[in-house]
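One-letter residues, chain by chain:
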Amino acid sequence: MHSMPESVVILTGAGISAESGISTFRAADGLWEQHRIEDVATPEGFFRDPRLVHHFYNTRRRLLLSDPIRPNPAHTALARLEQQFGGEFLLVTQNIDNLHERAGSRNVVHMHGEMLKMRCQISERVFDIRGDISIEQRCRCCGEAGNLRPHVVWFGEMPLQMPRIIGALERCDLFIAIGTSGQVYPAAGFHDIARRHGAETMEINLEDTGSGFDYHICGKAGDTVPRFVDQLLEADRNKASSSRGK
Ligand code: BV8
């Protein structure tokens, strides 16, 4: 990187949770190999067969809450970066798991929603959920069965907190995408927005996804992210001490 960043935006995808034991979407054994997106990750699919969609998310929620699943060193490193970086920092995730929060991140923007939340389709109220959601379940707001859905953004639905994300992309001078294939918009276009506003862009992934980032760090996030965060924080400390020295 040419200069020490003052403002960093990080976007994470399923690849950052892969080493924690959570399937990604587009790998050979990925989620989309076992289910059609249209059936389980669209409003139309939910309207057509809510039981199937609840089963899809209930299964993923039970796995997420099971004992072997825990944050990996990449999640922990990003929590350290949020706490110690001297400049502006925003973590945006496409993931609906809670591993960033369990690793200590405090200010996570879940642009595609959260598996541990459900929403009433009538009142739009959002509730925490740790168990299964079923069509027989009554919502606390209306007291009726059949209104509850996962608080997750499906294809064709508007991602959450977009104005906040776009504002941060326009201000940042370093944008880093970690563990995402860059297949899904608008997230896949974030690095273009950041670059158009003068940011340097970096991809941390197993491979170069060919999305036109300025820099690439190839390898497993659990190895590459802690190393990168240590280097960035070291440079940030040196900059702070040298500016005090003036
Ligand atoms: C919207 C929540 C507009 C659900 C998700 C044509 C027709 C219809 C729609 C569109 C279209 N063209 C574009 C669109 C829009 C559509 C879209 O982009 N479709 C794609 C398929 C073409 N997008 C939308 O619909 C979005 N909404 O556009 O709204 C709008 C405007 C006005 C008004 C209303 C609406 C909403 C998209 C959100 C969908 N929900 N998730 C759930 O989780 O169940 S998407 C889901 O897939 C994830 O959230 C994530 O965002 C996305 C991509 O997944 P990745 O995270 O990248 O995972 P993937 O498996 O693909 O890749 C993993 C990567 O990690 C790989 O690169 C791998 O190499 C790497 N990796 C693996 N292991 C490791 C690793 N890296 C490092 N270390 C490792 N160990």
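See the structure shown above.
About the cut-offs
- Residues numbered from 1 in each chain as written.
- Predicted model: local features only at pLDDT ≥ 70, side-chain atom pairs only at ≥ 80, totals over all residues.
- Heavy atoms only, no water.
- Near = heavy atom within 4 Å.
- Polar contact = N/O pair within 3.5 Å; in protein donor to acceptor, adjacent residues only side chain to side chain.
- Areas by Shrake-Rupley, 256 points an atom, 1.4 Å probe, with all protein chains shown as cover.
- Nonpolar A, V, L, I, M, F, W, Y, C, P; charged D, E, K, R; others polar.
- Core = buried A, V, L, I, M, F, W, Y, C linked by side-chain atoms within 4.5 Å.
- Buried < 20%, exposed > 50% of the residue type's maximum accessible area, 1.4 Å probe, protein only.
- Contact = heavy atoms within 4.5 Å.
- Helix = DSSP H or I, 4+ residues; strand = E, 2+ residues; numbered from the N terminus.
- Pairing = 2+ DSSP bridges.
- Axes fitted to C-alpha atoms, helices over the stretch in contact; angles between N-to-C directions.

**Q** Where do I start with the site of the ligand in this structure?
**A** Taken together, the neighbourhood of the ligand is formed by 33 residues, with Arg-26, Arg-60, Gly-156, Ser-181 and Tyr-185 sitting nearest. At a separation of 2.6 Å, an oxygen atom of the ligand approaches a polar side-chain atom of Ser-181. The backbone of Ala-221 places a nitrogen or oxygen atom 2.9 Å from a nitrogen atom of the ligand. Relative to its unbound accessible area of 1,500 Å², the ligand is 73% covered by the protein chains. Here the residues of the shell around the ligand sort into 15 nonpolar, twelve polar and six charged.

**Q** In this structure, what is going on with the nonpolar core? I would like to understand it.
**A** Soluble, globular proteins show a tendency: their nonpolar side chains are buried together. Membership of the largest hydrophobic core comes to 22 residues, with the highest contact counts inside it found for Ile-10, Leu-78, Leu-81, Ile-176, Ile-178 and Val-225. For Ile-178, the residues in contact, after removing those within four places along its chain, are Ile-10, Leu-11, Thr-12, Gly-13, Ile-16, Leu-78, Ile-204, Ala-221 and Val-225. One finds Leu-90, Met-162, Ala-194 and Ala-199 within the second-largest nonpolar core, a separate group that totals 19 residues.

**Q** Help me out: how do you make sense of the pairing of strand β2 (residues 88-93) in this one?
**A** For a regular strand, side chains alternate in direction, first toward one face of the sheet and then toward the other. For β2, the tally of buried residues reaches five of six residues, placing the bulk of the element in the interior. Summarising the sheet, strand β1 (residues 7-12) and β2 pair through six bridges and their orientation is parallel. Looking at the pairing, Ile-10 lines up with Leu-91 of β2. In the sheet, β2 pairs with strand β3 (residues 108-110) via three bridges, with the strands oriented parallel. Directly across from Val-92, in β3, lies its bridge partner Val-109.

**Q** Where do I start with the sheet that holds β2 in this structure?
**A** Strands belonging to one sheet form pairs held by backbone hydrogen bonds; the direction of such a pair is parallel or antiparallel. Across the sheet, six strands lie side by side as β3-β2-β1-β7-β8-β9; this open sheet has parallel pairing. On the outer flanks of this sheet lie β3 and β9 (215-218), each paired with one strand and no other. When strand polarity is set aside, the average angle formed by the axes of neighbouring strands in this sheet is 20°. When strand β8 (residues 200-205) meets β9, the two strands line up parallel, connected through four bridges. Residue pairing in the sheet places Glu-203 in a bridge with His-216 of β9.

**Q** Could you clarify how one ought to interpret the environment of Phe-89 in this entry?
**A** Mapped onto the fold, Phe-89 is located in strand β2. Through-space distance from the C-alpha of Phe-89 to that of Val-8 is 4.9 Å; in sequence the pair is 81 residues apart. Beyond its immediate stretch of four places on either side in the chain, Phe-89 contacts Val-8, Ile-10, Leu-78, Leu-81 and Glu-82.

**Q** What should I look at first to understand the sheet that holds strand β5 (residues 126-128) in this one?
**A** In space, the three strands of this open sheet follow the order β5-β4-β6, with antiparallel pairing throughout. Each edge of the open sheet is held by one strand with a lone partner, namely β5 and β6 (148-152). Looking at each pair of strands side by side, their axes are set apart by 45° on average, direction ignored. Helix α4 (residues 50-64) contacts β4 (113-120) and β6 of the sheet and is inclined by roughly 135° relative to β4.

Interpretation in functional terms is not warranted from these geometric data alone.
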